[in-house]
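# Summary of the model geometry
Chain residues, written in single-letter form:
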Amino acid sequence: MSELLDAIGTLAGSDALYTSAFQLTVLLVFAASGEWVAEKAGTLNISIEGMLLAGAFGSVVGHEWTGSAIVGLVVAAWAGVSVASIQANLSHRLTANQFVVGLALNVLVLGLAAFFANSFDIGPATAAVVRIPVLQDLPLVGTALFARPWPAYLVYPLVPALWWLVYRTRWGLEARSVGEDPQAADVSGIDVNERRRQAIYVTGLTCGIGGAFLVLAQVGSFQTSIVNGRGFVALAAVIFGGWTLRGTILGCGIFGFLEALAFAIPANGYSVDPVILSSTRYVVALLAVLIFATRVRQPRALAQPFVRGLT
Amino acid sequence: MAQIRTRPGVLMGRTASGDLGITAVLYVVSLGVALAISAGLVAMVGGSASAVFGALLDGSLRSPGAWGLTLTTAAPLLLVAVGTIVATRGGLVNIGQEGQVLMGACFAGYLAVRLGGPGWFVITMSLLFGALGGGLWAGIAAALRSWRDVPEVLTTLLLTFISFPLMTYGLRQQWLIADRDTERVNQINSGEQLPASAKLPDLRVFGNAIDSGFLIALVLAFVLAVLVGRSVLGARIDMLGFNPRAAQRFGVAAKPLSAVVLVGSGATAGAAGAVLLTGGAASDRLVFGFAGNFGWDGLLVALLARGRIAYAIPMAFVFAMLRTGSSFLASTGVDRKMTDVVQALLVLALLVPPAVIFVRNRRRSLRSDEVGVSTPTAAGAA
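What counts as what
Residues numbered from 1 in each chain as written. Chains lettered and ligands numbered in written order. Predicted model: local features only at pLDDT ≥ 70, side-chain atom pairs only at ≥ 80, totals over all residues. Helix = DSSP H or I, 4+ residues; strand = E, 2+ residues; numbered from the N terminus. Buried ≥ 20, exposed ≤ 12 C-beta atoms within 10 Å, placed from the backbone. Contact = placed C-beta atoms within 7 Å. Rg over C-alpha atoms; globule rule 2.2 N^0.38 Å. Pairing = 2+ DSSP bridges. Domains from an automatic or database assignment. Nonpolar A, V, L, I, M, F, W, Y, C, P; charged D, E, K, R; others polar. Core = buried A, V, L, I, M, F, W, Y, C linked by C-beta atoms within 7 Å. pLDDT = per-residue confidence, 0-100. Axes fitted to C-alpha atoms, helices over the stretch in contact; angles between N-to-C directions. Left-handed = near helix turned anticlockwise from the far one by under 90°. Expected span 1.5 Å × (residues − 1). Parallel < 35°, antiparallel > 145°, perpendicular 65-115°, else oblique.

Now for the overall build of chain B. Along the backbone of chain B there are 14 helices and two strands. Seen through its principal axes, chain B has C-alpha atoms that stretch 80 × 55 × 35 Å. With 382 residues in all, chain B has 55% of them scored as buried. Across chain B, contacts joining residues at least 24 apart in sequence account for 77% of those joining residues at least 6 apart.

What follows deals with the overall build of chain A. Regarding its fold elements, chain A presents 13 helices and two strands. Relative to the 2.2 N^0.38 estimate, which gives 19 Å for 311 residues, the radius of gyration of chain A is 20 Å and therefore close to what a compact globule would have. Overall, chain A is about 60 × 45 × 40 Å in size when its C-alpha atoms are taken along their principal axes.

Moving on, we get to the pairing of strand β2 (residues 208-211) of chain B. Residue and element names in this part refer to chain B. As paired elements, strand β1 (residues 202-205) and β2 share four bridges and run antiparallel to each other. From the neighbouring strand, D202 faces β2, where its bridge partner is D211. In this structure, the hairpin formed by β1 and β2 is closed by a connection of two residues, where F206 is found at a positive phi of approximately 45 degrees.

You can read the domains of chain B as domain 1 (17-63 + 328-367) and domain 2 (76-316). One C-alpha centre belongs to domain 1 of chain B, the other to domain 2 of chain B; they are set 28 Å apart.

Residues and elements named next belong to chain A. Relative to the helices and strands, G142 resides in helix α6 (residues 142-146). Spatially, the C-alpha atom of G142 lies 24 Å from that of G247, the residues being 105 residues apart in sequence. Setting aside its immediate chain neighbours within four residues, G142 contacts L135, Q136 and D137.

By a widespread convention, an interface's size corresponds to the accessible area lost as its parts come together. Taken residue by residue, the interface counts 48 residues in chain B and 46 residues in chain A. Listing elements by their share of the side of chain B that touches chain A, those giving two or more residues are α1 (8-12), α6 (119-148), α7 (152-170), α12 (294-305) and α14 (338-370) of chain B. Ranked by the residues each element gives to the side of chain B that touches chain A, the list is headed by α14 of chain B, at 16 residues. Looking at side-chain class alone, the side of chain B that touches chain A contains 36 nonpolar, four polar and eight charged residues.

All right, on to the environment of G67 of chain A then. Residue and element names in this part refer to chain A. Within the fold, G67 resides in the loop between α3 (48-66) and α4 (69-92). A residue is classified by how many C-beta atoms lie within 10 Å of it, and G67, with 11 of them, is exposed. Distance from G67 to G309, taken between C-alpha atoms, is 52 Å for residues 242 residues apart in sequence.

Residues and elements named next belong to chain B. Among the nonpolar cores identified, the biggest contains 238 residues, and L78 and A312 are the most heavily contacted of them. Among the elements that make up this core, the one with the highest residue count is α14 (16 residues). Two domains each provide a minimum of three residues to this core, namely domain 1 (17-63 + 328-367) and domain 2 (76-316). Once you skip the residues sitting within four places of it in the chain, A312 turns out to touch L78, A81, V82, I85, A221, V301, A302 and A305.

All names here are of chain B. Averaged over all residues, the pLDDT of chain B is 84; the fraction at 70 or higher stands at 91%. Across chain B, the secondary-structure element scoring lowest on mean pLDDT is α1, at 45, and the one scoring highest is helix α11 (residues 254-278), at 94. Of the regions scoring below 50 in pLDDT, residues 5-16 engages in 36 contacts with residues more than four places distant in sequence or in other chains. Confidence over residues 373-382 falls short of pLDDT 50; this stretch has 14 contacts with residues more than four positions distant or in other chains. For this predicted complex, the interface score ipTM comes out at 0.86, alongside a pTM of 0.88.

A separate point is the packing of α4 of chain A against helix α10 (residues 192-219) of chain A. All names here are of chain A. Contact pair α4 / α10: the axes reach a minimum separation of 7 Å and the direction vectors enclose 145 degrees. With respect to the hand of their crossing, α4 and α10 are arranged in right-handed fashion. Here the residues of the contact of α4 with α10 are counted per class, giving 17 nonpolar, 11 polar and two charged.

With that settled, the discussion passes to helix α13 (residues 309-326) of chain B. Taking 1.5 Å of rise per residue, 18 residues should cover 26 Å, and α13 of chain B covers 26 Å from first to last C-alpha, within 8% of that figure. Among the 18 residues that make up α13 of chain B, 13 are buried, leaving the element largely enclosed by the rest of the structure.

Next up on the list: unusual backbone geometry. Glycine aside, residues mostly have negative phi angles, and peptide bonds mostly take the trans form. One non-glycine residue, T95 of chain A, lies in positive phi territory at about 50 degrees. Residue position: T95 of chain A is located in the loop between α4 and α5 (98-119).

We now examine the environment of L173 of chain A. Checked against the element boundaries, L173 of chain A lands in helix α8 (residues 170-180). Taking the C-alpha atoms as reference points, L173 of chain A and A41 of chain A, 132 residues apart in sequence, are found 9.6 Å from one another.

Now for helix α2 (residues 20-44) of chain B. An α-helix turns once per 3.6 residues; consequently, residues spaced three or four apart project the same way. Residues and elements named next belong to chain B. A rise of 1.5 Å per residue sets the reference length of α2, with its 25 residues, at 36 Å; its end C-alpha atoms lie 36 Å apart and thus fit the reference within 8%. Of the residues making up α2, those classed as buried are L26, A34, S38, L41 and V42. Of the residues flanking the end of α2, it is G46, one or two places downstream, whose phi is positive at about 80 degrees.

Moving on, we come to the packing of helix α5 (residues 97-112) of chain B against α12 of chain B. Residue and element names in this part refer to chain B. Contact geometry for α5 and α12: axes closest at 7 Å, N-to-C directions at 130 degrees. Comparing their axes, α12 and α5 come out oblique. Crossing of α5 against α12: the hand is right-handed. Contacts between α5 and α12 involve Q97, E98, G99, Q100 and V101 from the first element and F294, G295, W296, G298 and L299 from the second. Each residue belonging to the contact of α5 with α12 can be placed in one class, and the counts come to four nonpolar, five polar and one charged.

Here it is in structure tokens:
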């Protein structure tokens, strides 16, 4: 235990840790902020894992075709949205159970990605690093925040844009009302399932971009285990944040930092049991869900399907 | 946190009152689309769909001893599925079977190499201990649900991801599940080999070795089918699934019953892990990644069975066929991950027809409400 504390103490002064934590956080923010929109509209969307993987795979395919990271990003976004469209139409047009659809989609995307990755030879894909002058020289966090491959910077406009979308537009008001009280929304003329589908498309878009970020700006190539449950951690981050965008991002930061620590501690020669390290973020996620689940308000119709005339 | 309720009707296939013909057409079309997509993918990587189909059949049924192995493989899938189906009927969404299977296997592996006595005793105790392991793991989610209304969807899932490193830890500790024989090469990160007496006996039928775990799964399926279909407890579970508030008014203790059902589904998953270890479907020592997606696949079987335990038996067999068949795919030059894709497509395809019919009936009944007709099925199908 003392070795663990010692390790954390030493690493807290290294900017490598902050860089890694920032990278892992950004991925979670892409995933969780999109998921937050879907949950605001009443869908507990567990196909988020599949959307991330589809995005990651789409980005290497796009990059392979054209050699351009921008095309990779576009293909990734498209791939994320395609997964979202299956989820949306099956669960909010045909009203199939959203968990069943999500689970099947995760299996499908994982199977497809593994199948294609094993069948075709796919090379590495990276995006160029963009350095922001002056700011990148800040101590500790300079490299972490301001000398990143360019897809990382997309997260800065994304978060305020989603906030504006949900809290300052007519669409956002309708989406929130659909997540709180679908019957009332329906009576006032809002197409409940249409708003929910659109919210899922937003999740697909941000997760697709997140997947592209994971490949282009973080790992540099595709493996089928690349997402490795982070989509589910993002789900926990939304609950941690009590369905507020601010809290969700804070949750992403905490989970991202923990994961970075788990990578950094053994890499710096400290012998802390890897089990403690690799399970910490899930244990913390579990504790977070436990502590924050009842205290704050979830969208009242979360995970409840809407069929006009029922309930 | 308000409880997350699912509509069991959709999950379990509220029988549609629509025409049988349309239902059949919908099933044929959606399964056809799924298979056509699969064939298209095979063609895309330069394989031949008929060769793949032939190889799958060879591996799962036609080659010597194949169907015995397929039945052996179906046993853990069925065990996972039956418990999950009961949970689904009670409105609980347990999706952490993979971790529960793993914990079951670890518990069984711990006991099987330590317990002395006659073989049948060791096997029985190992299976029960496995069930205990799975039940305890699901019990954490059940406790969180009862105590704080934490949705079990998320907790069971997170627990699965905790179970993987936990097992890795156990595989390094000799007082847990690591091999105690330090002389053996590659003894690190692997469990102790089960003595032959602790293995489930095989049934020999026409030259096929069928694991007796399959019989256990069938018996449990039968018992649970009677339980949910014919007992007061089963009726209470169903009531809980359809409307927890109404169930509470009728005197069903909603919270304890949910917890029991969730733990029970974990226990059958744990038993599946024990069968996996003591039977012939996986290796006879614990290794990393031992659960080998049996939990996830068993969950899919349960979801496809739509609340009917009887349906889970053929579904488990089909999934086992895809598993055993996939080992023969190498000769066709098509990657074996193809079978994962086929499985997922089948799940999605089987999801569509009942949903379409549900929506269709719903629309009709709304329309007839508007014109003041009270019967939900309007005459004259469009």
